[in-house]
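Listed below, chain by chain, are the residues.
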Amino acid sequence: MLRIYHNNRCSKSRATLALLEQHGGKVEVINYLDTPPSAAELAVLLRQLGMTAHELLRTGEEEYRSLGLHDPALDEGALIAAMVAHPKLIERPIVVANGKAVIGRPPEAVLAIL
């Protein structure tokens, strides 16, 4: 089973979903802006991605600046909490397959875990 944390308004997310569908298999689509992952889910995703919370943040979003998330004193827990409260901050799309995760930028990056 494949899972994609998806934002339909994002062209990369739509392209990644289309690529997954072309490669067959059932795809669980999670519209993460409507159903944000919990802090525990984000912690698991970060481990699967091999990333820090700061690396998963969309630094160009207004919330990133207004919440002061650039502060190096903020720990992983604070950054994860910000992403749970403001899911727009989460980089997208995230695809999970076979116990691994990858960000679909470019969309073809997901092929590595299929």
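One can find the structure itself at the top, above this paragraph.
Residues numbered from 1 in each chain as written. Predicted model: local features only at pLDDT ≥ 70, side-chain atom pairs only at ≥ 80, totals over all residues. Heavy atoms only, no water.

**Quick notes on the overall build of the chain**
And then number 1: Each helix and strand in the chain was counted, giving five helices and four strands.
And then number 2: Along the chain direction, N to C, the helices and strands of the chain fall in the order β-α-β-α-α-α-α-β-β.
And then number 3: Rg of the C-alpha trace for the chain: 14 Å, near the compact-globule value of 13 Å for 114 residues, within the 12% margin.
And then number 4: For the chain, the C-alpha atoms occupy an extent of roughly 45 × 25 × 20 Å along the three principal directions.
And then number 5: Put simply, of all contacts in the chain between residues at least 6 apart along the chain, 62% involve residues at least 24 apart.
And then number 6: Carbon and sulfur atoms provide 52% of the accessible area of the chain, an area that totals close to 6000 Å².
And then number 7: Of the charged side chains in the chain, 12 are positive and 13 negative; the average position of the first set lies 6 Å away from that of the second. (Helix = DSSP H or I, 4+ residues; strand = E, 2+ residues; numbered from the N terminus. Rg over C-alpha atoms; globule rule 2.2 N^0.38 Å. Contact = heavy atoms within 4.5 Å. Areas by Shrake-Rupley, 256 points an atom, 1.4 Å probe, with all protein chains shown as cover. Lys, Arg positive; Asp, Glu negative; His and termini not counted. Charge placed at Lys NZ, Arg CZ, Asp CG, Glu CD.)

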